[in-house]
Structure formats: structure tokens, C-alpha cells
Amino acid sequence: ISHFHIRMFLSLVSRGAGGWSPQVTDRHPWLQLDLRDRIEVTAVATQGRYGSSDWVSGYLLLFSDTGRAWKQYRQEDGVGRFVGNVNADGVVHHKLSHSIRGRFLRFVPLDWNPSGWVGLRVEVYGCAYKSDVADFDGRSSLLYRFNQKSMSTVKDVISLRFKSRQAEGVLLHGEGQRGNYITLELHRARLALYLNLGDGRVAVTLSSLLDDQHWHSVLIERFNKQVNLTVDTHTQHFRTKGEGDSLEVDYELSFGGIPLPGKPGTFLRKNFHGCMENLYYNGINIIDLAKRRKPQIYSGNVTFSCSEPQLVSTTFLSSSSSFLSLPATLSASGGFAVRFQFRTWNPDGLLLSTRLALEPQRLELQISNSRLRLTHHMSAQQKEEVSTGHRVNDGLWHSASLSSRGLQVTMTLDNEPSSTMELGDHMEAGDSLYFGGCPSLNVSGCENPTLAFQGCMRLFSINSQPMDLNLVHQGRLGDYKELQFDTCGIHDRCLPNFCEHGGQCSQSWSCFYCDCSGTGYTGATCHNSIYEASCEAYRLTGSSSGYFSIDPDGSGPLAPTLVYCNMTENKVWTVVTHNSTDPVRVQGSTLQKPYIMKFNYSASPEQLLALVSGSEQCQQEVMYSCRKSRLFNTRDGSPLSWWVDQGGERRTYWGGFLPGVQQCSCSLEENCMDMNYFCNCDADTDSWSNDTGVLSYKEHLPVSEIVIGDTNRTGSEALYRIGPLRCYGDKSVWNAASFYQESSYLHFPTLQAELSADISFYFKTSAPSGVFLENVGLKDFIRVELSSPFAVTFSFDVGNGPVVLAIKSHVPLNDRQWHYVRAERSVKEASLQVDQLPLRFLEAPSEGHLRLRLNSQLFVGGTAARQRGFLGCIRTLTVNGVTFSLEERAKMTPGVSAGCPGHCSGSSSLCHNSGRCIEKNSGYVCDCSQSAYGGPSCKEGVSVSFNRESSVTYTFQEPFSVMQNRSFQASSVYRGNSRAGENMAFIFMTTQSPAMLLTVSTFSQQYIAVILARNGRDTSRIIKVGFNPLNSRFNPVWLCVFFTPPYTEFISIKSLTLGKVTVDTMDEEVMQAGSKGFIGCLSSVQFNHMAPLKAALLNRASSLVSVRGHLVESNCGALADSTIFHSQSETVGRGRGPLRNASQSNYAVIGGVVSAVVFISLCVVAVMTRFLYQHRQARRDASIKEKEHRTNLETAYRREAAYRAEPAYRTEFHLHDSHSSTLNDNREYYI
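Only a predicted model underlies this, so the values are computations on that prediction, with no experimental measurement involved. (Residues numbered from 1 in each chain as written. Predicted model: local features only at pLDDT ≥ 70, side-chain atom pairs only at ≥ 80, totals over all residues. Heavy atoms only, no water.)

Could you clarify how one ought to interpret the overall build of the chain in this entry?
The helix and strand inventory of the chain stands at 12 helices and 86 strands. For the chain, with 1231 residues in total, the buried portion stands at 55%. In the chain, 71% of the contacts between residues at least 6 apart in sequence involve partners at least 24 apart. (Helix = DSSP H or I, 4+ residues; strand = E, 2+ residues; numbered from the N terminus. Buried < 20%, exposed > 50% of the residue type's maximum accessible area, 1.4 Å probe, protein only. Contact = heavy atoms within 4.5 Å.)

Structure below.
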């Protein structure tokens, strides 16, 4: 093929220099090239106009076969904009990622030199293009007949190019008498391949919008059962069903339709209407054979040149300002008739508006909620509507017509039944018809009801007269704004599907959306798992033992799996079961015909591998009993039974962690019944022997198969049971590295983050700045860094220019404490999170580059230039669900050491009861400011003795929910920051009943009252603590109070009072208890994240604190700590002394004992209830609410951990309400 090269050095509009420049008055200039024949264009280049200040800085490239119907060229990422010049003389080359085949090219300037004008010189590079073409008129087909009765193939290669005028039609069909067949057809403008090799049909659908009257290429490659289907640049791989691997086709293949047997020209399904070229079947040029009239080809009604229809489209570009105005021509019969076709992705938009002769009446035809709706506006308040259709925004062409006759207006959509509207008078259209939208000025009463139309229209006809849009474009007919003529710019943004993990893609004209329902993932592209990575992570959220879905690889490709989390021991065990957990008896097996059992686990092999790899240790018990059944041959030591590991390898050890030792547990423990053998079963006795062991070499686990081969002798049998896989620990949590030289770094393979990436880690440092990680390409890059002591920055460039997201903290981040960072980038948006500071996010441009192209190594803790390196510690670095082994890489890197020193870096809690561990140069201190406890480790309760008249009131400076700023992800994505629950905890001791313990009041005169009562009637928002007299004890109480939607009023808390209250706006029973106050001891009072009792004692002079009556700080909290851990048989007499103004007699113990496990479980149930409710609302609302509750639960868990051994009263209350509830609408809850 000869090389082709055209250089355009034009002066179409003379302005004294070489090159093209349009008139200044040209509204939408473009430069069109006629290449005289179809050319395969591979590259273009541009310059500005010679010797001037005129150049184009950005342009679109369109191509066409006819010069009428144009298609926009899009680069690999779907980007239509080409970067142009920055001066008049420089040459900017663009090599096309996929070539253009066409005769005409059009350059459409978008931007130009603001100090000059449009100026352009172009070069086009390519080759001459020749092809064999066939035209199918919708009633024709090509039949290729085989030389033999049946053709059986194990390999097929079929290729063709086509352009279609319709959304339906068969391209290829062949079938055999044994049920084999292959069919390639257009269905709803998508290409569908149906393939059956005799054992079941496989249907694959690919691409879309294939009825655009432009050429598309198809390639089908099949070898045995493996099939590749490629349409243009998109490929799908699949396998056929069953055992068959050959395709048997009888007699012939048909192209363009499926003819009835014996009746050529009649078809079973709608046949193809359009053109095909370069049609090859297994190397045979079908069209060439037809053109040469070879006998094996039947070509009924097929011609060999492609006819070009005059179906010219117009694109409405803007959803707010696009419109097309056409004059309403007169109808000879009266009334009017309008017909046109449209296609769009948007569910709303105005199609047609016209003023009627009887003002102020008008008609509007619009898309509303994906249906076609006709509205007759009779006045400002009176209108009549009719609707038809369903999902008319599916991207396909739809025909719409509107006509009036007499007193009726008729609306018709496609081939559906017409909808009719009765009118009160004869009606004629006004002077103009407005298509797609209305002008910005209110002309003739035309108003956009919601949005203007954004999509394509064609084939306009008014009163049976076709409208020539070329006249509109030339300014000789009607008017328009924001239109693109001669092309339909619709673009499928769901191809390819960027929704991950099975998310469903939907789209509008300008963007796509992902529905993540039922996937187990969330986020703009369903990238982030909603499940924790391990049972250890669930424990940190306050969960108790139970079944949980875990996602060991986070946002990686593996789906979540259901496991049992056993949290009753010091270690948290992850348990994965299989299909055979009961004991199994085996008899009659030999080495030649052994007994084989394969184990199917509740997780896939890939999920098991991820779980085992991420765990610190795993084990699996093998219970094996035998009678006259050996494990090893006593003569040569060869195995008679064995098990198979996760990799499919045979293993012959039956216990312990030494895989190279062919022994059982008794040999390792030196307690075999016969020391001459390594296993008890090898003694081959008539009595039952036991070789049970625990496999703990985790690289071999789990057991995938067991083989038993010596149970065929008389009296010989074996009994086995393989236990579940059990793992504990999370290796990723404390995988850390310390950087102590600015020029040092760790390097890893290139980040795999073309379309999406999430990066998370913890850091602590005393340095003011430093780069956490960086990866660069030729132009693209991604970087996360500490840019100042108060700011973390996430920056990247995918080809659209640098993007920078920064979060600034009000406290220093270089305080030698651990801080959490999570940066995420997808094709939809980018986000940055630091600790619990408000989330920063930025939406990606709808028209821009998508792929992050990197080629260097990933640098952690520094950069390739060895500048701005990080000094400090980084741990738990995870990218797309994969945790990087910082410690392993640090062991071999100068300037970096494995692990991270410091007392606060361990996983054990040094500071209790929500205290914060703060590193010091020579140790640590506990910050107890957010805890109700004090002391060096935040374990000493702050206690006060009350008498009847005593009270402490803590007044919040502003509404509590606002003051706490709980909505740490304050962005437009996550809406709603009202709190749906309050957590209260305190320890008390008293003999009084009834008594007022705690009251919370709001600015809206609502309240929560916790009172002590033996019993009472059923009222609300009064939480009663009922009791029966027992021996004297101190009683800790945890209250987890949740407000269930639609309850939204209790969000502005005014004050909290401990002890006596005299407010008269409460109900009678509360006022009675409040007047009697509280006599006894209160200790360690916690309300959400506040410690009001502690704040009152430390800040008595504050205006926020009000103390009434005799109030004495006491050490009764220490008494509580001692008595709570005593057994119930002990008395409290040894510790009664510190309590003042309280009875020295026997005390009452409050309520029944509710365990900590019940409390945590109930709180989890509450969280899930809220999650399910909000799941019905916006997905992002649900995400932020769930994270808020997990934070609350973690706080509750930490409190619970401090009293793990004590009996406590813990419960949870749900308060339901509506906007019409009153203060007297009360309920009681008992502990």
C-alpha cells in the first residue's frame, strides 16, 4: 500500500499570509478537507497561520464518507478535544490511536489565540484504502454454500466491517442438524453473538450505538471452546458451554439475514439494512466471490457499492441554552402536523414548544421521567397532560409526531398506539416551533419546563414539508443556539463499564453513574468495600462473636466472604467451614482404589489464599482414628494415606508445623504407643488408635483433599474429621518502616492505578514536611505528601493538568502521633481524608483523559530525586487492597529500618477509657481530656457524693451536635450531620428510690431523664432504671440511646444535669423524682465524648458549670473499682468509708445483670437498623452514617474493655418520634 501524505498550505480567506483563516463574522468556523477517495488516516499535524498571531489552541476532528453525515473522532480515553498550537510556527503532531477510514476530514476550532484569530495549516498522514463492499437493502442476503454437506471446524476466524441504517438486523447465521449454530446480529444497536457447540447456548453482547451510519469493525476468533469477540476497540473473552469444541454447520452460511429453508429471499428474523466490507470467513473473501459470481455464492438483491442515505443529524449540546427555531408553515387542511426523530440519555428535556393561536395557550412535548409527555397549557394555573412510552432515554432513535385535527391533538411515539387529547376549540400553531429548548429571552411564551433537550434530532417535517437544516446552518431559515450540525454527538459513557465489582452503569448525556446495590461495595465507581478486612478489624469496631462478611483484599478483585469471628478469647479467630465437618468412617479402600474426599470451603481458593496470607497464624485440626489401618507402609515408609494442600501438592505429615517431617503428632511429642513407629496407626493393632493432630504450617493450609488407602483388610477401618480453617491476627496492622535519612526511600513495582486507586496508611513524624509516596510517568504522576506541619496534599495528573487536594488541620500533624491518611482517585472523582477531618473531594471532568499512565517505580518515603524525603514512621500502607511489606523492604535499604519505635506504636492499649496516648522523648503520657476518667492511665474514676439538694448542671456553649462537628466528611457528597444516638455511661451507688440520676434537656424543651424506680407506667423518653433490693454494690450503667428516623428533633442539646432538677416542663413522674434528687455516689459520668462531672469539678468557676447544694469530691469511684471485681459473696464493708453524706447501711443493687456482649450486640443491631433505613435513601448518606456509628461503637467498646470482668447494666433504647409528637408523649424503658 502506497504511503499517503497531504499538506494543506491554504489561504482560503486572504489576510496577507499563508494558511486558513475564517471571516470574523463566522459563528462556527471549520476547515473541511476532501481527500478525493477513502483514505486510512493515521496522523494529523497543525500549525498556525504563517507570519501572524493567528493559531488554534484546541480543536475537534470529524470524519465522513459523504461530507454530510459526520462522526467525531475520539482518542483512547474517549477524549474528543485535540491540543493545538501555542504559536503560529510550531508544529503539533497527533498520532491517532486508531486510524480513520474516510474521504472527508473536518477541523473544528474550539479555542484560539485570544490576542489574534483563528489560523490553521494542517498535514494529514495515511495510506490509500481499498475494500470490497456489499450493500444490503433489507431484503437481500449473501449465501455461502459449502463444497460438502457439513462443515465441522475447531477454529474459526470471521472478520467484517459494517455500517447500519437500523438498530436491528442479522449479519451472519449458520446452523447444523445437531443443534450447533452461530448467529451475529444487531439488537437495539448492540452487537450480539449467539454460539452453540451442541451443549447449550452462549449469548454475548458488546458495544452500542452501532446504528450511527458509520463503519464498525468486527472480529470473531474461536479456538475450541475459547472465543474472542472484538467490536472496534472493545474485546470480550468467553468460553462456550459443555464438552463440545467443534462447530458443525450444514450446507451454508448466510450473511445479511436468515432465509427460510428452500425459500431464498424470505427471512425468519429482521435482516440487515446497510453496508458490509472486507467480509472474510476463515480466510475466504466472501464479497469478492460474490462480485466474481462464483457458484458457491448466492447474492440475491445485493449490490457492490454502498448507497449513502441522507439522514443528517443535529446535536443539541447544552441542557440549558440549546434550541432550534423553525417557522410553522401553513397547512392546507388546517391544524398542524410535526414529525421528527430523537435520541438521548437524559430522562428529562423539552422536545417541542409552540404558542397556539388562542393566547396564552401553548403546547409542550417533553421527556419527563423517561416518558414522552404532551402538555396543553390553557392558562397559568390550568393544564392537561397525556403520556406514553417507557425509557425513551435509552440512547436509541425514537420517532415522535404531533398533529391536530378538529378538536383533537394526537401524539404518537414509534409504533405504539397514539394518545389523544381533546381540546375545547380549534387550534393552530403560532408563528414558530421551538425544538429542544427555548431562547434565553421569553419569546412567545416559550419556557423550558425543567431542562432543555440534550441529544440528537433528525428528519424534521412540518406539515409534511421536510426541513433543510443546511439552510438553518447558513442563517437562511429559522434560528438556533448551541447546536452542532451534520453529526450526532451521542457517546456511550458506560462503554467500557467503569463501575467495579459488578456495579450497574447508567448515564446521562454528560456523565455516568454506578449503582452498587447488592455488590458489597460503595463509592462513585463501587470501588470501596463496605466490609472490614478481617475479624480483628470488626473487633476494633466493638463487635462481638458472630458471622461477618470480610473482604481481605479490600477494594481488590476478590469478593467478600462470610466467616465466623470468634472473639471470646484473647485472640480473635477467623473460622472458615467446609462441606464435611462431621466424622466420616472409611472402609474398603486400597492404594490402587483409595477413598478420596475433596473439601469445598465457604470461600473460594483465591479468598482463602488472601485470608491465610494476611493472617499471623493459621491452623486446622485433623482428627484421625484407625483400626488395622496404617498411614505409612512399614516396609519402605511410602505413604498409604495423605492430604492435599491449597496448592494441590500431596502432604504426608499429620500434625505440627514441620512439613518436611513424615510424622504424626505423637512422634513430635514423643508419646506414640509404639516408639518403633512415627504414628500410632502404623502399629497396626486391632484396637482403635488415635493420630489426631493440628496442622499449623499456614502456607499449606487449608486442607483441600484427603486420600485414605489402607482400609480393605478384615476389621480394617478409619475414622476422620477435618476441622474448619482457623486463623488469627492481621499482619498488615503493624507492618511499619522508619525513615531517618531524607535521601532514603523504599521502592516497589509501578503502581497499577490506571483507572482507580485508593492509598491508605498511618504516619507519625516530627518533621515539618516530606513526601509519603510518589510515582511518575512521562507526564503523569501521583503524589501524597506532608506539605506543611498542618497540611497533607494529594496531587496527580492524568493528562488534564495537575490536580491538587489539600486538607489543613487546626492542630499540628507532626506531633509524633499516629495520623491516618486515605487518598482515592477514580475516573469519576478524587478524594482525600486525614484522620476525622472533613473529607475533600473533586469531581473529574466529564470530557478528559481517564488513565493514569506511570512507568517508574513507586517510591515510598521519598522521591526519585532524593529530595523532600519523609522523616518518621509509616505503617499499614495499602494500595487497592494490597498491603505493602514495608518491613521486608526496609531490612535491605540504607537509611530505613523495619518497624517503628515508640510506646504508642504497639497494638496494646496503654491509655484506657478513650484516653489518648501521646509520645514523649523518654516515654509517653495519657491525655484524658476526652475521658470521664483521670490518672496516669485514664483508669481512675472521677467521683462525687450527692445529697438530696445537690446537683451539677453543665451547659453547652452551643447546640451539642454542632459543637462536636461529628460530620467529619463535610462535603456535598455526604449530606446530613445530625446525630441519631446518644451514648451515656456512669457508675452509681444509692439506697434511694425513686431518684433522679441524669437529665438531658434541649433548646426545643425536650429531654431525656434517667431515673431510679421499682416499676412504673408506660410513658416515653424517660429511661427508668428498675431494681430489686440485693446486697450492697456499686453498679456501672451504660446507656446506648438511638433515635430512629424519621425522628430528627433531638439534635440541639442545651444542658446536662446530675442530681436534683426543678424544671416544671417535664411530666409529673419525672418532676417527682427530680424533686427528691439523688443521695449517693456518682462516678465516671460520660455523655458521648464529653465528661460533664469531671469538667464541673475541674472548672467550678466556669460560667458553663452550675453547682447547687452540698457537693463533695469523693473517692467512691475507687471503692467502685474494688467492689465491682469482687465476687457476689463478698460485702462492700471494707470500702465504705470514703462516701460522705450517704447512708452507711446496706445498699441496693440496681437491676438485673446485662452482659457486655449483649450491649455491644444491641448497638450493632441499632447500627444495622439505621443502615437499612438509610440504604433506601442516597447511598452516600448511608456511607457517612455508618462510619459515624462505627466511631461511636469503638468508643463504647473501649469503655466495655475496661470493665470486661465486671457485671454491668448495659442496654440500648430506640426512641421513635414524629414531627407531631409532644412533650407528654412519653415512654419508659427498664434495665
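Text resumes after the structure shown.
I keep staring at the packing of aromatic side chains and nothing clicks. Help me out?
To describe a pair of aromatic rings, you give the distance between the ring centres and the angle between the ring planes. One pass over the structure, following the stated rule, counts 35 aromatic pairs. Taking 5.0 Å as the distance between ring centres and 55° as the angle between the ring planes, the aromatic pair formed by Phe761 and Phe772 counts as tilted. Residue Phe761 is located in strand β58 (residues 757–764), and its partner Phe772 is located in strand β59 (residues 770–776); the two are separated by 11 residues in the primary sequence. Accessibility classification places Phe761 together with Phe772 in one group, the buried group. Where Tyr762 meets Tyr820, the ring centres are 5.1 Å apart and the plane angle is 50°; that geometry is what we call tilted. (Phe/Tyr/Trp six-rings, centres within 6.5 Å; stacked < 30°, edge-to-face > 60°.)

Explain the state of the cysteines to me, please; I cannot follow it from the model alone.
Cysteine pairs can be linked by a disulfide, which is a covalent bond between their two sulfur atoms. Under the definition given, this model contains 12 disulfides. The disulfide that involves Cys499 links it to Cys514, with 2.0 Å between the sulfurs. A torsion of -90° about the S-S bond marks the disulfide between Cys499 and Cys514 as left-handed. Highlighted residues: Cys499 in the loop between β38 (483–485) and β39 (504–507) and Cys514 in strand β40 (residues 512–515), separated in sequence by 15 residues. The exposure class of Cys514 is buried, given its relative accessible area of 17%. Through a disulfide, Cys664 is tied to Cys679; the S-S separation comes to 2.0 Å. The sign of the 85° torsion about the S-S bond sets the Cys664-Cys679 disulfide as right-handed. With Cys664 in the loop between β50 (650–651) and α5 (665–669) and Cys679 in the loop between α5 and β51 (689–690), this residue pair connects regions lying 15 residues apart in the sequence. Cys505 provides the cysteine sulfur closest to Cys511, a residue in no disulfide bond, and the two sulfurs are 9.8 Å apart. (Disulfide = S-S within 2.5 Å.)

Would you take a moment to explain the sheet that holds strand β14 (residues 201–206) for this structure?
The pairing of strands in a sheet comes from backbone hydrogen bonds and takes either a parallel or an antiparallel form. Strand order in the open sheet formed by seven strands is β14-β13-β12-β11-β18-β9-β23, with antiparallel pairing between adjacent strands. Strands with a single pairing partner mark the edges of an open sheet, and in this sheet they are β14 and β23 (297–300). For this sheet, the mean angle separating the axes of adjacent strands, direction not counted, is 20°. Here strand β12 (residues 181–187) runs beside strand β13 (residues 190–196); their pairing, made up of seven bridges, is antiparallel. What sits directly across from His187, in β13, is Arg190. (Pairing = 2+ DSSP bridges. Axes fitted to C-alpha atoms, helices over the stretch in contact; angles between N-to-C directions.)

How do you make sense of the side chain of Asp758 when you look at a structure like this?
Position of Asp758 among the secondary structure elements: in strand β58. Assessed through its relative accessible area of 6%, Asp758 is described here as buried. Here the side chain of Asp758 touches His527 through a polar contact of 2.6 Å, side chain to side chain. In terms of polar contacts, Asp758 uses its side chain to reach the side chain of Ser555, at 2.4 Å. Contact partners of Asp758, with chain neighbours within four places excluded, come to His527, Ser555, Arg822, Ala823, Glu824, Thr878, Val879, Asn880 and Gly881. (Polar contact = N/O pair within 3.5 Å; in protein donor to acceptor, adjacent residues only side chain to side chain.)

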